[in-house]
Amino acid sequence: MTRQSREPWEDWGTWRTFWGRRLFRIAPAYYLLLAVALACGPLLGHFREAIAVPFPDTMTARDRYADASIVNIFNHVTFVFGLRPEYAFRTPLPDWSIGLEMQFYAVFPFLMLALGRTFSLWRHLLVLAAGLGVWALLWGYAARFPMPAFLPMKLHVFLLGVALARARLSVRGLGPWWVVAVVCGLECARHPDVHGLAFALMAGGFGVLVAGPGAWPGLSALRRWLASAPGQRAGDYAYSFYLVHLLVLLPVAGTLAASSAYLALPAWERFLICAVLAGGVSLGLCMLLHRYVEQPGIAWGKRWLSRRARTVTAVSG
């Protein structure tokens, strides 16, 4: 959105550049950890079953840890697994959301053209209705997904983010907040319990944080911290941390679950011990991933896109 004057969505080159940037941001760390997850799948499955012995309600599908087939690998390497219910949740990684994210990036240029350069509440509501309509038409297909990895199931949440971004960058007035209200209402209607309420509170709180009045002292202090070096570094590490944390958590929690002394502790102590051990190791690994995988991948992608742009310019000239 901040590049619209330099990279208008009406230009095909903007689409190519956008897709290239997102691919080189997402793929390097994902491909590496996908290989690790598939290679270590049986071992991770063993630890998952060890956790389920004292906590049977937590067990997930065993297929997630046992399928290193060519078909499963192909679906994940090409990021089409989010369109296929049988493969959308079939690795030890929490990557169902990665497939969802890549679907959003695939349609994002079309969404920006549909939403227009300036904010229009009616355009946002029409796109929202279209997404919900596709979801309704494909209800039986969508219901087969073990996780909401199919974009029409979550497009309204992405549109909430788009509306808040516009409220943050340029739009004044209540228009974007009506989008937030409609989306929160939909989630509360779908989940008339603590889940819907939690979503509304999180969405509203995030909206106030990123697009609320700048005069509120509490918000100003938090925004300054998020914009500081530690806050930016936390944002830099978030993606790798998300990808790697299950690969660490399962062995840690599985080993602890085999200890009778650990199981005898109060729940909050068990949680704290597991969180500190798994979180510490995950943080160290994600720092390494960011430094030696993500950053080089992003830099290589920028060089490739730059060479590609020069080639296209030379050919067209």
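All of the points below concern the structure found in this document.

Things to note about the overall build of the protein
Okay, step 1: Secondary structure summary: the protein contains 13 helices and zero strands in total.
Okay, step 2: Here the C-alpha atoms of the protein give a radius of gyration of 22 Å, agreeing with the 20 Å that 2.2 N^0.38 yields for 317 residues.
Okay, step 3: Principal-axis analysis of the C-alpha atoms gives the protein an extent of 65 × 50 × 45 Å.
Okay, step 4: When burial is assessed residue by residue, the protein has 40% of its 317 residues classed as buried.
Okay, step 5: Expressed as a percentage of contacts within the protein between residues at least 6 apart in sequence, the contacts between residues at least 24 apart total 68%.
Okay, step 6: A total of about 17100 Å² of accessible surface is found on the protein, and carbon and sulfur atoms cover 70% of it.

A short note on the nonpolar core
Okay, step 1: With 59 residues, the main nonpolar core has Tyr30 and Phe79 as its most contacted residues.
Okay, step 2: Among the elements of the structure, α1 (12-39), α2 (41-52), α4 (96-115), α5 (121-137), α7 (155-169), α11 (229-257) and α13 (267-316) are those that each provide at least two residues to this core.
Okay, step 3: When neighbours within four sequence positions are excluded, tyrosine 30 is seen to be in contact with His76, Phe79, Phe81, Leu93, Asp95, Tyr239 and Leu243.
Okay, step 4: If you look at the next biggest cluster of nonpolar residues, it comprises eleven residues, including Leu160, Ala163, Val179 and Cys184.

Comments concerning the environment of tryptophan 300
Okay, step 1: By the element assignment, tryptophan 300 lies in helix α13.
Okay, step 2: Its relative accessible area of 43% is what places tryptophan 300 among the partly exposed residues.

Parameters at a glance
- Residues numbered from 1 in each chain as written.
- Predicted model: local features only at pLDDT ≥ 70, side-chain atom pairs only at ≥ 80, totals over all residues.
- Heavy atoms only, no water.
- Helix = DSSP H or I, 4+ residues; strand = E, 2+ residues; numbered from the N terminus.
- Rg over C-alpha atoms; globule rule 2.2 N^0.38 Å.
- Buried < 20%, exposed > 50% of the residue type's maximum accessible area, 1.4 Å probe, protein only.
- Contact = heavy atoms within 4.5 Å.
- Areas by Shrake-Rupley, 256 points an atom, 1.4 Å probe, with all protein chains shown as cover.
- Core = buried A, V, L, I, M, F, W, Y, C linked by side-chain atoms within 4.5 Å.

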